[in-house]
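Architecture and fold: a report
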Amino acid sequence: MSKFTNNFLAPSHGVELRNEALTLLSSLPVPTRRNERWKYSSVSKLINASLETYKGGEVGIEGWPKEINPNPVPQLEAYRIVFRNGVYEPTLSELPTFKGVVCMPLSSISEEQSKTLFSNKYHKTEWVGALNAAYYQDGFYLHVSKNIKLDRPIIVHHLTDGENVANFPRHFVRIDEGGEAEVVVWTTASQDSSGMCNSLFEASIAPNAQLFLEKITNEEGEIYSFAHDFIIQEADSRFKAHNFTIKGSWVRNELSIVSAGKGTDTIFNGAYLPCGNEHVDNHTTMDHTYPDGTSSELYRGIMYGKSTGVFNGKVFVRPDAQRTNAFQQNTNIVADRGASINAKPELEIYADDVKCAHGCTVGQFDLEALFYLKSRGLDENAARTLLVEAFIADVLSSVPNEALRNEIKRLYSERHHWS
Amino acid sequence: MLKIKNLHAKVGDNEILKGLNLEVGPGEVHAIMGPNGSGKSTLASVLAGRESYEVTEGEVELDGVNLLDLDATERAREGVFLAFQYPIEIPGVSNLNFMKAAINGKRTHLGLEPIKPKDFLTKVKECSSLVELDGRLRDRSVNEGFSGGEKKRNEIFQMAMLDPKLAILDETDSGLDIDALRVVSKGVNKMRSKDRSFIVITHYQRLLEHIVPDFVHVLSEGKIVKSGGKELALELEEKGYDWLK
């Protein structure tokens, strides 16, 4: 397996973690279909490819592909931190200078401090995680102090650009007690690019603090896109996440949330509408370890063409997590004959005074509804579009920011020829 | 206006319509009655173009246009409207957006500009007052969480919005209480005109006290076995259907 990483270079910061991860990398198994977590998402084609980490070249707008706007949501008043092939692009970024908020590239953090940041164990359990920890080039660091509300969202934009590129963004967010922030992670790839974007996002949300996270994947080319998000919520904190896959040839989103204090509130929703031969995998874990938490999860997908999909949603309610209220719903439409989805809810409940509801369905377009719409004079395409928009509206409408919501809808609409 | 000749239709291997003949002139209201399983709802579905029914023989013409050559969308644009026996709930699709898309679909088909927002709203007001459909129901998702009566009123609201040449009411009265039946019937009666024809399918004579038909037909085993004036409905109420077999 060392052959796969032959052309990967590790920067000189974060040495302790890298060394640990490098050691683990040689012992951790490469994911195969024999592993339940990777049963429906094969990486065999990827690991036979010959990838390289970015060696440098033109920076700034000169090196940036014309067809992609470094600012992916121009209508949104937001701060921005931009990475190309894992490398920070200062001239394309607009970092906040806001009292009580520290925001910078992760590479600027001192070695001492960097040891104290991440607490996830992903590099110890998964080969993909060890790769990220060993080879991450840079990432986004955000610290919001006590009772500070950052005035605008921050867009973290990472672009994969070029052939056989391996890039490893790694992000860390800490919101102190009573603080608030909104982060948008926007993942793109330019046309004809190929390789891997393997990103990690960790957020630690202190008591009574709040984080909104929106993640959008809109990649051209042929990228294996891995995202692992790890969220720790302390008492009474709020976390709201949205995940939209607009486009991407192979996408795996892992979201793991730990409720590590009483009375946390968690909402996480997602939508995916893959076409052609695309593959989209969403693995989510909600772990209630303390009492009085609520969580609500809604993922909706429509599978077109020959696309394949995976949904795996785990909810744990640990013995101490009494009075937890957990809700999970995953609804899928298989629109075309060649498409498929493997959906699997997993609930493990060890406390007795809890409310947990879940539902998971895979079906086709509702032919009765289609006939109803057509019988009023809508043509097939208009009728389907109306049903599709309605289907994902529940996910889209809960995105708190209107400009962002409109842009996501516009991108779906453009891709799927909605009127 | 509408001419149905020797219509045969089946679902799977089950032949349901077995040579049905019917002519409906402009402005006429025809009631079709009959026992369960006689083919009443099949007739409604076949006329509206539901794909699960296969027409094996016969002709259906609306003002000289062969309806059987058209799909459900095209039939609607030619002026056919089916008020469903069980209207579908479509969460997330707003009633008004749906109506706007339907009206503009038809207008585009006729080579007209999309309806002006102001004209659309005026029409919405007119048509919703026709069936006392209040704003709360009008603006919601299509039929979502509506009671049975509200759904049927919404059907008549849609009918008024789309201004059809031929309206087919498929058991619009079933499941309605008397008050709702009055409201729905009043809406239908207001829409009666010399250019619009109705086929009113019902299991119960009660509806025909409110929507008084010009003709009553009895459907049995896929054929019309008796036709008459509105008095026939009363006779059926008294004697049942068995004497016709």
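Residues numbered from 1 in each chain as written. Chains lettered and ligands numbered in written order. Predicted model: local features only at pLDDT ≥ 70, side-chain atom pairs only at ≥ 80, totals over all residues. Heavy atoms only, no water.

Moving on, we come to the interface of chain B and chain A. Taken together, the contact between chain B and chain A spans 27 residues of the former and 15 residues of the latter. Where chain B abuts chain A, roughly 1,800 Å² becomes buried across the two surfaces, and 67% of that area is made up of carbon and sulfur atoms. In this structure, the connection of chain B to chain A is made through three salt bridges. Here A:Arg376 makes a salt bridge to B:Glu155, at a shortest N to O gap of 2.7 Å. Those elements that provide at least two residues to the side of chain B that touches chain A are helix H2 (72–77), strand S6 (80–83), strand S7 (90–94), helix H3 (95–109) and helix H6 (148–162) of chain B. (Contact = heavy atoms within 4.5 Å. Buried area = accessible area lost by both parts, 1.4 Å probe. Salt bridge = Lys/Arg side-chain N within 4 Å of Asp/Glu carboxyl O. Helix = DSSP H or I, 4+ residues; strand = E, 2+ residues; numbered from the N terminus.)

Turning our eyes to something else, we now look at the pairing of strand S12 (residues 222–233) of chain A. Residues and elements named next belong to chain A. For S12, the tally of buried residues reaches 11 of 12 residues, placing the bulk of the element in the interior. Relative to S12, strand S10 (residues 194–205) runs parallel, the two being bridged by 12 bridges. Among the inter-strand pairings, Ile205 is bridged to a residue of S12, identified as Gln233. By the bridge criterion, 10 bridges tie S12 to strand S14 (residues 250–259) in an arrangement that is parallel. Residue Asp229 lies in a different strand from S14, and its bridge partner there is Leu255. (Buried < 20%, exposed > 50% of the residue type's maximum accessible area, 1.4 Å probe, protein only. Pairing = 2+ DSSP bridges.)

Residue and element names in this part refer to chain A. Overall, mixed pairing links the 10 strands, which are arranged S3-S2-S6-S9-S11-S13-S15-S17-S19-S21 in an open sheet. Looking at strand neighbours, the two that pair on one side only are strand S3 (87–88) and strand S21 (355–363), the edges of this open sheet. Contacting strand S13 (238–247), strand S15 (265–272), strand S17 (294–303) and strand S19 (325–334), helix H8 (residues 380–396) crosses the sheet at an angle of about 155 degrees to S17. Sheet strands touched by helix H9 (residues 402–416): strand S9 (180–189), strand S11 (210–219), S13 and S15. Its angle to S13, the strand with the most contacts, is close to 25 degrees. (Axes fitted to C-alpha atoms, helices over the stretch in contact; angles between N-to-C directions.)

Turning our eyes to something else, we now look at H9(A). All names here are of chain A. With 15 residues, H9 should cover 21 Å at 1.5 Å per step; its first-to-last C-alpha distance of 21 Å lies within 8% of that length. As for H9, its buried residues are in contact with S9, S11, S13, S15 and H8. The N-cap residue of H9 is Asn401: its side-chain oxygen and the backbone nitrogen of Ala403 are 3.3 Å apart. (Expected span 1.5 Å × (residues − 1). Polar contact = N/O pair within 3.5 Å; in protein donor to acceptor, adjacent residues only side chain to side chain.)

The next point concerns the domain arrangement of chain A. Where interface size is given, it is often the accessible area lost as the parts come together that is meant. Residues and elements named next belong to chain A. When cut into domains, chain A gives domain 1 (2–260) and domain 2 (369–419). Centre-to-centre separation of domain 1 and domain 2, based on C-alpha positions: 30 Å. Facing the 18 residues of domain 1 at the interface are 13 residues of domain 2. A combined buried area of about 1,400 Å² lies between domain 1 and domain 2, and 70% of that area is made up of carbon and sulfur atoms. (Domains from an automatic or database assignment.)

Right, let's get into the packing of aromatic side chains. According to the stated counting rule, one finds 17 aromatic pairs over all chains in the structure shown. Taking the centre distance of 5.2 Å and the plane angle of 80 degrees together, the rings of A:Phe8 and A:Tyr135 count as edge-to-face. Residue A:Phe8 is located in the segment before helix H1 (15–27), and its partner A:Tyr135 is located in helix H6 (residues 127–135); the two are separated by 127 residues in the primary sequence. Neither A:Phe8 nor A:Tyr135 differs from the other in exposure class; each is buried. Here the aromatic rings of A:Tyr224 and A:Trp250 are separated by 4.9 Å at their centres, their planes lie at 40 degrees, and the arrangement is tilted. Within this pair, whereas A:Tyr224 is found in strand S12, its partner A:Trp250 is found in strand S14, the two being separated by 26 residues in sequence. Following the ring pairs from residue to residue traces out a cluster consisting of A:Phe4, A:Phe8, A:Trp127, A:Tyr135 and A:Phe168. The ring of A:Tyr136 carries A:Arg170 above its face, with NZ or CZ at 5.5 Å from the centroid. One Lys or Arg, B:Lys239, reaches over the ring of B:Trp243 and ends 4.5 Å from the middle of that ring. (Phe/Tyr/Trp six-rings, centres within 6.5 Å; stacked < 30°, edge-to-face > 60°. Lys NZ or Arg CZ within 6 Å of the ring centre and 35° of its normal.)

Attention shifts here to the environment of A:Asp353. Residues and elements named next belong to chain A. Along the polypeptide, Asp353 turns up in the loop between strand S20 (340–349) and S21. When the C-alpha atoms of Asp353 and Arg323 are compared, they prove to be 5.3 Å apart, with 30 residues separating the residues in sequence. Apart from residues lying up to four places away in sequence, Asp353 is in contact with Gln322, Arg323 and Thr324.

With that settled, the discussion passes to the packing of H6(B) against helix H7 (residues 178–191) of chain B. All names here are of chain B. Between H6 and H7, the shortest axis-to-axis distance is 9 Å and the interhelical angle comes to 15 degrees. Taken together, the axis directions place H6 and H7 in an arrangement best described as roughly parallel. Crossing of H6 over H7 shows left-handed handedness. Here H6 contributes Lys152, Arg153, Ile156, Met159 and Ala160 to the contact with H7, which in turn contributes Val183, Val184, Gly187, Val188 and Met191. The residue makeup of the contact of H6 with H7, split by class, is seven nonpolar, one polar and two charged. (Parallel < 35°, antiparallel > 145°, perpendicular 65-115°, else oblique. Left-handed = near helix turned anticlockwise from the far one by under 90°. Nonpolar A, V, L, I, M, F, W, Y, C, P; charged D, E, K, R; others polar.)

This brings us to the sheet that holds strand S12 (residues 223–228) of chain B. All names here are of chain B. A sheet is described by the order of its strands in space; here six strands give the open sequence S6-S9-S10-S3-S11-S12, paired in mixed fashion. Since the sheet does not close on itself, it has two edges, and those belong to S6 and S12, each with one partner. Strand-to-strand twist across the sheet, computed as the mean angle between neighbouring axes with direction ignored, equals 20 degrees. Note that strand S3 (residues 29–33) and strand S11 (residues 215–220) share four bridges and pair parallel. Counted as the bridge partner of Ile32 is His217 from S11.

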